[in-house]
Amino acid sequence: MADNLIAPSILSADFARLGEEVVNVLNAGADIVHFDVMDNHFVPNLTIGPLVCEALRKHGVTAPIDVHLMVEPVDRIIPDFAQAGASYITFHPEASRHIDRSLQMIRDLGCKSGLVFNPGTPLHYLEHVLDKVDMILLMSVNPGFGGQSFIPSALDKLRQARKIIDDSGFDIRLEIDGGVNVGNIREIKEAGADTFVAGSAIFGKPDYKKVIDDMRAELANAK
Ligand SMILES: O=C(CO)[C@@H](O)[C@H](O)COP(=O)(O)O
Ligand SMILES: [Fe+2]
């Protein structure tokens, strides 16, 4: 399986000092930047858009930016994020009328593509598009807010998604998002995840490096 990636969700960062926060968390050992985009329509919250992604690039951020779109529709905003420097662009299948077209659009624009599954959304959306997916993102909370508790049924879903990926032979990352912390990251890894989003668990503590180091120690002990 691919290397473990730790992806702090900047939703829990101090937005008044966002550039500094992103630099600090990367210097603390994070691998990629998880960028939550909410439209107050697909989810009941409103966050940040392509201008902020572009501003992070102008600020000197070179790490991959993992854009999690919680907007509907998705096709209109995908090119703007590609232009703004996104590395991954993932979206929820319910938010696109034509998921094959949206996935292809993301790749055609030079980004890595992904589908996101809410806790109640079945994995069957993957059936005919696995060859167009670089990332499967499983939500372990209902989307819209940071700081929620991990929903345990996500572990079984991770095992199912891991099997789908391994059986497919494609190179697809398996990301988990919601309620991830030092105390549960090991069993999440053991269920099949290789990319770990954590917002409040990292930005809610004063020492980002300690949290990330503790997470890596737990991952190293996973079976
Ligand atoms: O996409 C989302 C929420 O919709 C997430 O990326 C959260 O921002 C994760 O935050 P924590 O649960 O880790 O605090
Ligand atoms: Fe997210």
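All values reported here derive from a predicted model rather than from experimental measurement.

## Section: helix α2 (residues 50–58)
Step number 1: Taken residue by residue, α2 has Pro50, Cys53 and Leu56 as its buried positions. Viewed end-on, α2 has its buried residues packed into an arc of 120°, placing them on one side of the element. Exposed and oriented more than 90 degrees from the buried face of α2 are Leu51 and Lys58.
Step number 2: In this structure, the buried side of α2 is in contact with α1 (18–27), β2 (33–38), β3 (65–70) and α3 (78–83).
Step number 3: Looking at the residues trailing α2, positive phi occurs at Gly60, about 105°.

## Brief notes about the site of ligand 1
Step number 1: In the vicinity of ligand 1 lie 20 residues, with Asp36, Gly147, Asp177, Gly199 and Ser200 positioned nearest.
Step number 2: One of the backbone nitrogen or oxygen atoms of Gly179 is found 2.9 Å away from an oxygen atom of ligand 1.
Step number 3: Notes on ligand 1: free accessible area 380 Å², of which the protein chains cover 100%.
Step number 4: Those elements giving two or more residues to the shell around ligand 1 turn out to be β2, β3 and β8 (195–198).
Step number 5: By residue number, the principal contributor to the shell around ligand 1 is β2, which donates 3 residues.

## Remarks on the nonpolar core
Step number 1: Ile10, Phe35, Leu69, Ile136 and Ile176 are the most contacted members of the largest nonpolar core, which has 72 residues in total.
Step number 2: In contact with Ile10, other than residues within four places in its own chain, are Phe15, Leu18, Val22, Val33, His34, Phe35, Ile48, Leu56 and Phe203.

## Some words on the pattern of salt bridges
Step number 1: Under the definition given, this model contains 16 salt bridges.
Step number 2: Of the charged contacts, one joins Arg173 and Asp194 as a salt bridge, the two residues approaching to 3.5 Å between their closest N and O atoms. Here Arg173 is found in strand β7 (residues 173–177), whereas its partner Asp194 is found in the loop between α6 (185–190) and β8, with 21 residues between them in sequence. For the pair Arg173 and Asp194, a shared accessibility class is recorded, and that class is buried.

Rules and cut-offs
Residues numbered from 1 in each chain as written. Chains lettered and ligands numbered in written order. Predicted model: local features only at pLDDT ≥ 70, side-chain atom pairs only at ≥ 80, totals over all residues. Heavy atoms only, no water. Buried < 20%, exposed > 50% of the residue type's maximum accessible area, 1.4 Å probe, protein only. Helix = DSSP H or I, 4+ residues; strand = E, 2+ residues; numbered from the N terminus. Arc of directions from axis to C-beta. Contact = heavy atoms within 4.5 Å. Near = heavy atom within 4 Å. Polar contact = N/O pair within 3.5 Å; in protein donor to acceptor, adjacent residues only side chain to side chain. Areas by Shrake-Rupley, 256 points an atom, 1.4 Å probe, with all protein chains shown as cover. Core = buried A, V, L, I, M, F, W, Y, C linked by side-chain atoms within 4.5 Å. Salt bridge = Lys/Arg side-chain N within 4 Å of Asp/Glu carboxyl O.

It is worth stressing that arrangement in space is one thing and function is another; only the former is reported here.
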